[in-house]
There are 2 protein chains.
Amino acid sequence: MKYLLSIAYKGTNYAGWQRQDNANTIQEEIEQALYKLYKEPITVMGASRTDAGVHALGQKCTFTVDKVTIPTDKLPYAINANLPKDISITNAKIVKPDFHPIFDAKNKTYVYKIYNHEFRNPLTGDISWHIYHKLDLDKMKKAAKFFAGEHDFAAFCAAGGSAKTSVRKINFAKVYEEDSSIISFEVNGNGFLYNMVRIMAGTLVYVGQGKTEAEDILKIIASKNRENAGITAPPEGLCLKEVYYLR
Amino acid sequence: MKYLLSIAYKGTNYAGWQRQDNANTIQEEIEQALYKLYKEPITVMGASRTDAGVHALGQKCTFTVDKVTIPTDKLPYAINANLPKDISITNAKIVKPDFHPIFDAKNKTYVYKIYNHEFRNPLTGDISWHIYHKLDLDKMKKAAKFFAGEHDFAAFCAAGGSAKTSVRKINFAKVYEEDSSIISFEVNGNGFLYNMVRIMAGTLVYVGQGKTEAEDILKIIASKNRENAGITAPPEGLCLKEVYYLR
């Protein structure tokens with residue numbers, strides 16, 4: 001039986017999603033929890049390799065077991081009982097044997113949060129990027145819209161990615177303010193290059209600081225040159241909100 | 001010179017505000033930071049002795065120094081540089097020598113947050129009480145209003161308090177829903193008994209669960225009997241939002 005799990009986690013204390021030697025990862029924690037449940041080694045496949053310190057509300061992963069010992073609706077409770085508090089399975093469903101968590105994904109939504117206040121906020125410090133100086137929200141709202149559409153996002157890709165093409169389609173990109181000085185950048189696309197959302201967020205902060213004009217986003221995209229974009233925003237502000245599937 | 005500081009902190013890793021032997025406290029962290037700054041032992045006096053695990057966005061404390069080596073507007077930056085990330089000074093102002101952070105307080109606002117969802121949320125887990133079963137929000141909204149007014153709150157006071165009288169005036173008490181399944185209980189009063197807000201929150205959860213009727217709040221208050229109120233809600237949901245002063 002093949003299962004698809006939805007996972008929420010706080011990435012602060014992890015070296016990212018993907019299992020690696022000598023480091024604590026989300027994938028390993030889930031595999032250990034499944035081992036305790038099924039008494040056999042199980043490998044999970046994630047929809048996205050989130051980086052160290054990055055959070056998720058709607059990460060997905062699949063795994064396959066022969067034994068069907070736990071009813072599907074009870075599975076999240078059973079796995080959560082074996083997971084640390086900063087990881088939580090929020091849904092489980094049965095998928096077809098050929099279902100693939102990466103290739104069957106239609107699109108994904110990420111949210112990048114900025115705490116824009118003179119002094120740090122300990123209650124949101126782990127899940128937002130603290131920017132001291134007041135950002136121009138209107139300019140950032142205007143700039144974010146220029147990301148929408150199908151573009152070659154080479155300028156918004158860190159070295160080290162393995163993608164064959166840097167063309168991606170962004171379905172929406174918007175900036176909005178929540179209470180308590182939190183500015184959110186929410187973006188949905190059919191795929192994202194390595195560090196793409198964090199470089200977009202860093203570039204939007206440049207716009208909010210007046211270092212870059214909102215209209216320059218299209219020029220930066222057209223240049224296909226990483227040096228023209230802003231800095232890579234730190235991981236703590238990023239959250240994988242949801243992965244949507246074709247079937 | 002006497003200063004009044006505003007302080008935000010995440011109480012998760014502390015044994016509360018008040019300095020004590022063999023335990024890490026907010027007061028001690030601030031006093032150590034001030035010692036590094038002024039090179040002399042300084043005792044601070046807080047407006048509220050928040051319990052272990054309780055948070056603050058607007059805690060206050062005073063301290064007095066002879067030397068005026070740091071401009072008042074630079075003081076928060078200077079102290080923050082010597083504080084851990086889960087504590088943040090957000091304001092400093094000069095007050096009169098006879099100003100008292102407890103006796104000069106006009107009223108305080110607390111917020112108690114409940115995460116009401118089937119599965120835990122790692123991103124809000126440290127700052128909210130997780131309640132699995134769906135609460136009746138309308139009943140809780142109705143119930144909260146009954147706390148308003150001047151009452152003897154003996155039924156909402158844990159043993160161990162040192163107050164001479166258990167009469168307190170609640171200026172407002174309201175329940176409202178934020179996004180992501182967060183239910184907030186916000187209450188302002190001229191003073192609070194030991195564990196009073198947490199017992200109020202626990203009682204509101206009983207109302208939300210149908211164990212207690214909204215109208216029963218007045219009867220519970222009138223009974224002056226702690227056994228008639230709900231459980232003491234856990235500390236992680238509580239936050240001292242603001243302390244307001246007469247002068």
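Structural data are supplied above this passage.
What comes next is a walk through the structure. Being a predicted model, the structure only gives us computed values, none of them experimental.

1. So, the overall build of chain A
In terms of regular secondary structure, chain A is built from five helices and 10 strands. Since a compact globule built from 247 residues should have a radius of gyration of about 18 Å, the 19 Å found for chain A is in line with a globular shape. Here the C-alpha coordinates of chain A stretch approximately 60 × 40 × 30 Å along the principal axes. Split into buried and exposed, the 247 residues of chain A put 53% on the buried side. Long-range contacts, defined here as pairs at least 24 residues apart, represent 71% of the contacts in chain A between residues at least 6 apart. Only carbon and sulfur atoms are counted for the fraction: they give 50% of the accessible area of chain A, which is about 11,300 Å². One way to put it: in chain A the 32 positive side-chain charges average out to a point 4 Å from where the 27 negative ones average out.

2. Section: the relation of the copies chain B and chain A
Under the fitted operation, chain B is carried onto chain A by 0.0 Å of movement along the axis and a turn of 180°, and the coordinates agree to an RMSD of 0.0 Å. The symmetry that links the two subunits is that of a two-fold axis. Among all residues of chain B, the one whose C-alpha sits closest to the rotation axis is threonine 124 of chain B, at a distance of 4.6 Å. Interface overlap between copies is the fraction of interface residues in one copy that are interface residues in the other; for chain B against chain A it reaches 100%, indicating a shared surface.

3. Quick word on the interface of chain B and chain A
Across the contact, 27 residues belong to chain B and 27 residues belong to chain A. Counting each side, the surface lost to burial between chain B and chain A is near 2,100 Å², with a carbon and sulfur contribution of 61%. Looking only at chain B, the three residues that lose the most surface to chain A are Phe119, Arg120 and Leu123 of chain B, adding up to 37% of its buried area. Applying the counting criterion to the chain B and chain A interface returns two salt bridges. Taking the shortest distance from any N to any O, the salt bridge between aspartate 126 of chain A and lysine 10 of chain B comes out at 3.5 Å. At the junction of chain B with chain A, the criterion picks out 12 residue pairs in polar contact (both at pLDDT 80 or more). Only β1 (2–9), β3 (55–64), α2 (75–80) and β4 (87–95) of chain B provide two or more residues apiece to the side of chain B that touches chain A. In terms of residues, the side of chain B that touches chain A owes the most to one element, β4 of chain B, which gives four residues. When grouped by side-chain class, the residues that make up the side of chain B that touches chain A number 14 nonpolar, five polar and eight charged.

About the criteria used
- Residues numbered from 1 in each chain as written.
- Chains lettered and ligands numbered in written order.
- Predicted model: local features only at pLDDT ≥ 70, side-chain atom pairs only at ≥ 80, totals over all residues.
- Heavy atoms only, no water.
- Helix = DSSP H or I, 4+ residues; strand = E, 2+ residues; numbered from the N terminus.
- Rg over C-alpha atoms; globule rule 2.2 N^0.38 Å.
- Buried < 20%, exposed > 50% of the residue type's maximum accessible area, 1.4 Å probe, protein only.
- Contact = heavy atoms within 4.5 Å.
- Areas by Shrake-Rupley, 256 points an atom, 1.4 Å probe, with all protein chains shown as cover.
- Lys, Arg positive; Asp, Glu negative; His and termini not counted.
- Charge placed at Lys NZ, Arg CZ, Asp CG, Glu CD.
- Least-squares fit on C-alpha atoms with pLDDT ≥ 70 in both.
- Buried area = accessible area lost by both parts, 1.4 Å probe.
- Salt bridge = Lys/Arg side-chain N within 4 Å of Asp/Glu carboxyl O.
- Polar contact = N/O pair within 3.5 Å; in protein donor to acceptor, adjacent residues only side chain to side chain.
- Nonpolar A, V, L, I, M, F, W, Y, C, P; charged D, E, K, R; others polar.

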